[in-house]
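Commentary on secondary and tertiary structure
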Amino acid sequence: MKTWLRELPKVELHLHIEGSLEPELMFSLAARNGVDLPYASVDEVRAAYDFSDLQSFLALYYQGMRVLRTEQDFHDLAMAYLGRAHEDGVVHVELSFDPQAHLSRGVELAVPFEGLRRAMRQAEREWGMTTALIMSFLRDREALEAMDVLERAAPWYEVIDAVGLDSAEVGNPPAKFAAVFERARELGIARVAHAGEEGPAAYISEALDVLDIRRIDHGVACLQDPQLVARLRETQIPLTVCPLSNMRLKVVDRMADHPLPAIIDQGVKVTLNSDDPAYFGGGVLDNYLACLDAFGWDREMFKRLAGNAIDVAFMPESRRSELLERLSRC
Ligand code: HPA
Ligand code: ZN
C-alpha cells in the first residue's frame, strides 16, 4: 500500500514554500548570507518545533525565513522541496509564498518571484512536474498593505495563478480583505483563503460570501455549522486539508480525532496537503500515510482524494485530463 501511495499521481494545493525550509538548508543559507541563527545545531532547531498553536508556529516560521535573501535562495529552497515532492510521486505543486514577510525585511518582490519562477521552470524541464504560484497576503497586517503589494505585483500578474490569505486567523476575519480580493477579481486573478483552521466556521462562510474564493485552505471547522456543510456539499467548493499540520498545531489532539472522515462522509470535496512540511513532519505522501495509519482507508478513497486535487488544481485542461487518465490506471 505504501508503494502504491507513493506511485499514485498526487497533486499538492496547499504548501507554503517558506515552510519547506529544512533546518540543514536554513543553516547553509544562514552561512551564505551571514545571518545569525538562535540555534547551535540542526537538532536544536528540530527540538524547537514543539508548537502549542498556530501563533507559536508562526513565530518560528517568520524567524526561519530570515535566511532567504536572494533569488538564488528562493530558487534553492523551491528546488529542494520540488525534488523531494517528485521523489514522493507528486506531479503538480501549487506553491504559496508570503511577499510581505520578505518586503518587511527589505527583500524586494522581484526576489521571491524570480527565484521561485526559475525553480518552477526547472522542475518542469527536469521532471515534467507542473506547478502554480499563489501570492498570499498576511491577514494579521493591514489590508492597505496587502492592496499595495497587489498593485506592486503588476509585472507578475500573468504568473500569479491565485492570491491567498494566511497567517494568524483569529481576530482577522476574511471581510478585512474584501477590497483586496475584489481588486484581484477585477484583475482576473483567482482567489483562495485560509479559513476555519483555528478560526470558527463563520470565517469559512464569510470567506465564501465576501472573498468569492475557489478553494478553502484548511476549513476543518466546517462541521460546527450544518448549513455551511450543506453549502460546501452543494457547491463542491473544496477544502485543502493538512492533517499533520492540524496535529502539530493542536487543532486536533490525535489523528484518530481528526474530523476528516466525518467531513468526507458529509459529501464535502476534500484534498490532502502538507502546509509546512519542514515544520509539521513531512510532505504530501507523509500526509497520505498518516491517514492510512489513522483511518485505514482503501485505495478507492485515496484515488478519490487524489482525483479531487486534480479536479480543482490551477492547471491547463490538457494536463488535468492527462493526470486524471493516469490516476484511473492506478
Ligand atoms: N496557517 C496560517 N498561516 C500559515 C500557515 C498555516 O498553517 N503556514 C504558513 N502560514
Ligand atoms: Zn496554510
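Before reading on, note that the structure itself is shown above.
Our subject in this report is the structure included herewith. (Residues numbered from 1 in each chain as written. Chains lettered and ligands numbered in written order. Predicted model: local features only at pLDDT ≥ 70, side-chain atom pairs only at ≥ 80, totals over all residues. Heavy atoms only, no water.)

What follows deals with the site of ligand 1. In the vicinity of ligand 1, the contacting residues are H16, L54, F57, L58, Y61, D166, S167, H194, E197, H218, D275 and D276. S167 has a polar backbone atom sitting 2.8 Å from a nitrogen atom of ligand 1. Here D275 contributes a side-chain N or O atom positioned 2.7 Å from an oxygen atom of ligand 1. Burial of ligand 1 by the protein amounts to 100% of the accessible area it has alone, namely 260 Å². Per-element tally for the shell around ligand 1: the top contributor is helix α4 (residues 54-64), with four residues. Class assignment of the residues belonging to the shell around ligand 1 gives a composition of four nonpolar, four polar and four charged. (Near = heavy atom within 4 Å. Polar contact = N/O pair within 3.5 Å; in protein donor to acceptor, adjacent residues only side chain to side chain. Areas by Shrake-Rupley, 256 points an atom, 1.4 Å probe, with all protein chains shown as cover. Helix = DSSP H or I, 4+ residues; strand = E, 2+ residues; numbered from the N terminus. Nonpolar A, V, L, I, M, F, W, Y, C, P; charged D, E, K, R; others polar.)

Tetrahedral coordination by four donors puts the ideal angle at the metal at 109.5 degrees, and octahedral coordination by six puts it at 90 or 180 degrees. Distances from the zinc ion (ligand 2) to its protein donors, namely H14 (NE2), H16 (NE2), H194 (NE2) and D275 (OD), fall within the range 2.0 to 2.2 Å. Bound by four donor atoms, the zinc ion (ligand 2) shows angles of 79 to 171 degrees at the metal and therefore irregular coordination geometry. Along the chain, the residues donating to the zinc ion (ligand 2) fall in the pattern H-x1-H-x177-H-x80-D. You can see H16 sitting in strand β1 (residues 10-16) and its partner D275 sitting in the loop between β8 (270-272) and α14 (277-280), a full 259 residues away along the chain. (Donors = N, O, S within 2.8 Å, 3.2 Å for Na, K, Ca; no water. Tetrahedral: all angles 85-135°; square planar, octahedral: opposite > 155°, others 65-115°.)

Throughout the structure, instances matching the rule amount to 15 aromatic pairs. Seen in terms of ring centroids, F51 and F280 are 6.2 Å apart; in terms of plane orientation they differ by 90 degrees. Their pairing is edge-to-face. In this pair, F51 sits in the loop between α3 (42-48) and α4 while F280 sits in helix α14, placing the two residues 229 residues apart along the sequence. Assessed through its relative accessible area of 1%, F280 is described here as buried. Note on F137 and F181: the rings are 6.4 Å apart at their centroids and 65 degrees apart in plane angle, and the pair reads as edge-to-face. Of this pair, F137 sits in strand β3 (residues 130-138) while F181 is found in helix α9 (residues 178-186), placing the two residues 44 residues apart along the sequence. For the pair formed by F137 and F181, the shared burial category is buried. Among the aromatic side chains, those forming a connected cluster through ring pairs are Y49, F51, F57, Y61, Y62, Y279 and F280. (Phe/Tyr/Trp six-rings, centres within 6.5 Å; stacked < 30°, edge-to-face > 60°. Buried < 20%, exposed > 50% of the residue type's maximum accessible area, 1.4 Å probe, protein only.)

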